[in-house]
Amino acid sequence: MFSAVARIFRTPDLRRKIFFTLGIIALFRLGSFIPAPFVDFGNVQTCLNANQDTSGLYSLVNLFSGGALLKLSIFALGIMPYITASIIVQLLRVVIPRFETLYKEGQAGQAKLTQYTRYLTIALGVLQSTTLITVARSGALFGTTAVSQCTQLITDDSWYAIMLMVITMTAGTGLIMWMGELVTERGIGNGMSLLIFTSIAAQFPSSLWAIGQSQSIEIMLIVIAIGLLIVAAVVFVEQSQRRIPVQYAKRMVGRRTYGGNNTYIPIKVNMAGVVPVIFASSLLYLPALIAQFNQPAAGKAPAPWVTWITNYLTKGDHPLYMLLYFLLIVGFTYFYVAITFNPEEVADNMKKYGGFIPGIRAGRPTAEYLDYVLTRVTLPGSIYLGIIALIPLVAFALLGASQNFMFGGTSILIIVGVGLETVKQIDSQLQQRHYEGLLR
């Protein structure tokens, strides 16, 4: 293992790529600490210290921004607008035939879709930065708090100051998007994924220390032990796949023989990744967001539906919230897998190139068989996603670790997935130059 790591730094090309990636990551983290214009950094720090529990409407975005959201930094929005834009463009392939046509055109069509994703990212950046600044001005960014400084985060309320803040945060999102694409092109691994990985991993030490201070060192050690078990389980499931054997018939083209080889279609247990968890979290935030904007005036009782939402759909430790969260994740897993994996398209491509599954006729029977296998493999995958996502909520209820419990949900899925993919890319580049890589 250590000799393989040493070979990485002895290989000039690989060493240059790794140092370039680390440099971009360092710049990304530096931008997370630079406050946006007209932000009172002292008041922001006071509110952060008074509100160690960052649960609420903005916890998911704050997770992906590495804590920069609640600091109101120039990178406050993080990579979240790009993730949202990518998901929207991917879903629009089902609705807009033009997008599906571009997707099938190969590299040129993919470049066009990427351009649309960039434009949509900037538009979402303007929208989200405006919303964030509006919430910060109203004093609701940190929820209900007794600290008076949380209502004085913005030093200038004039229109040009707000405009400058919106432009700065949107430009920060564009810069993050550019840095991610640079890492993909000139570094190691997928740039966007690595930036998300960095944002989440950067909060681990402070979250662990917060648990140790608020609870005890014993609770912190229990959290670390549970986290290691979860990581092992996630690695096992993420690597699990159902391999469907495929054979290709031999065919003569001129004097050459093509085909005749055997391969397989890998159907992963978790084909949807972390997207269903993001969908479910966003959908469950909507009732709380609506209730927040329908709070009554001082001295008046809130409406019954606002009270019901506040009691049942805003607290992660409530059984109804957990049940809805789990069911939404299972439903969205099937929905997303149905969009991203089309059995009929796979069956048509196999038939076009002379491929067939042993014992299954080509064409429609193959599509039905693939759909049969996919439906049954997705069920344990969706349940696994739901259980992993519920772990922080259960920790909140049992250990009192609150949202400082970071070993669960989106965070651990992203960290393990990105880590495995990056190690595989480094290993493949090592094997191009040596017989041995990182993985045995």
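The shown structure was predicted, so the numbers you read here are calculated from the model rather than taken from an experiment. (Residues numbered from 1 in each chain as written. Predicted model: local features only at pLDDT ≥ 70, side-chain atom pairs only at ≥ 80, totals over all residues. Heavy atoms only, no water.)

1. Section: the sheet that holds strand E1 (residues 241-248)
Ordered in space as E4-E1-E5, the 3 strands form an open sheet in which the pairing is antiparallel. Whereas interior strands pair on both sides, the edge strands pair on one side only; in this sheet they are strand E4 (262-268) and strand E5 (355-356). One ladder, built from 2 bridges, connects E1 with E5; its direction is antiparallel. The residue bridging Tyr-248 from the neighbouring strand is Gly-355, located in E5. (Pairing = 2+ DSSP bridges. Helix = DSSP H or I, 4+ residues; strand = E, 2+ residues; numbered from the N terminus.)

2. Some points on helix H11 (residues 217-238)
Compared with the 32 Å implied by 1.5 Å per residue over 22 residues, the 31 Å span of H11 between its first and last C-alpha is a close match. All of the buried residues along H11 are Ile-219, Met-220, Val-223, Gly-227, Ile-230, Val-234, Val-237 and Glu-238. Down the axis of H11, the sector holding all buried residues measures 105°, keeping them to one side. H11 presents Glu-218, Leu-228, Leu-229 and Phe-236 as exposed residues on the side facing more than 90 degrees away from its buried surface. (Expected span 1.5 Å × (residues − 1). Buried < 20%, exposed > 50% of the residue type's maximum accessible area, 1.4 Å probe, protein only. Arc of directions from axis to C-beta.)

3. Section: the pattern of salt bridges
Across all of its chains, the model carries 7 salt bridges by this definition. Here Asp-13 makes a salt bridge to Arg-16, at a shortest N to O gap of 3.0 Å. Taken together, the positions of Asp-13 and Arg-16, both in helix H2 (residues 12-31) and 3 residues apart, correspond to about one turn of that helix. Here Arg-118 ties to Glu-181 by a salt bridge, and the two come within 2.9 Å at their closest N and O atoms. On the criterion of sequence distance, the pair formed by Arg-118 in helix H7 (residues 107-138) and Glu-181 in helix H8 (residues 159-186) is long-range, its members being 63 residues apart. Judged by relative accessible area, which is 28%, Arg-118 ranks as partly exposed. With a relative accessible area of 22%, Glu-181 lands in the partly exposed category. Here the salt bridges do not stand alone but share partners, grouping Asp-13, Arg-16 and Lys-17 into one network. (Salt bridge = Lys/Arg side-chain N within 4 Å of Asp/Glu carboxyl O.)

4. Some remarks on the packing of H2 against H8
Contact pair H2 / H8: the axes reach a minimum separation of 10 Å and the direction vectors enclose 170°. Relative to H8, H2 is oriented roughly antiparallel. Residue-level contacts link Lys-17, Phe-20, Thr-21, Ile-24, Leu-27 and Phe-28 of H2 to Ile-176, Met-179, Leu-182, Val-183 and Arg-186 of H8. In terms of residue class, the contact of H2 with H8 is made up of 8 nonpolar, 1 polar and 2 charged. (Axes fitted to C-alpha atoms, helices over the stretch in contact; angles between N-to-C directions. Parallel < 35°, antiparallel > 145°, perpendicular 65-115°, else oblique. Contact = heavy atoms within 4.5 Å. Nonpolar A, V, L, I, M, F, W, Y, C, P; charged D, E, K, R; others polar.)

5. Description of the packing of aromatic side chains
The geometry of two aromatic rings is summed up by the distance between their centres and the angle between their planes. Enumeration according to the criterion identifies 4 aromatic pairs in this entry. On the numbers, 6.2 Å between centres and 90° between planes, the contact of Trp-159 with Tyr-160 is edge-to-face. Residue classification places Trp-159 among the exposed positions, given a relative accessible area of 67%. Note on Tyr-160: relative accessible area 47%, which makes it partly exposed. Seen from their ring centres, Tyr-321 and Tyr-325 are 6.1 Å apart, and the 40° between their planes marks the pair as tilted. With a gap of 4 residues between them, Tyr-321 and Tyr-325 both fall in helix H14 (residues 319-340), about one helical turn apart. By the burial criterion, Tyr-321 is buried, and Tyr-325 matches it. If you follow Arg-93 out to its NZ or CZ, it ends over the ring of Tyr-103, 3.7 Å from the centre. (Phe/Tyr/Trp six-rings, centres within 6.5 Å; stacked < 30°, edge-to-face > 60°. Lys NZ or Arg CZ within 6 Å of the ring centre and 35° of its normal.)

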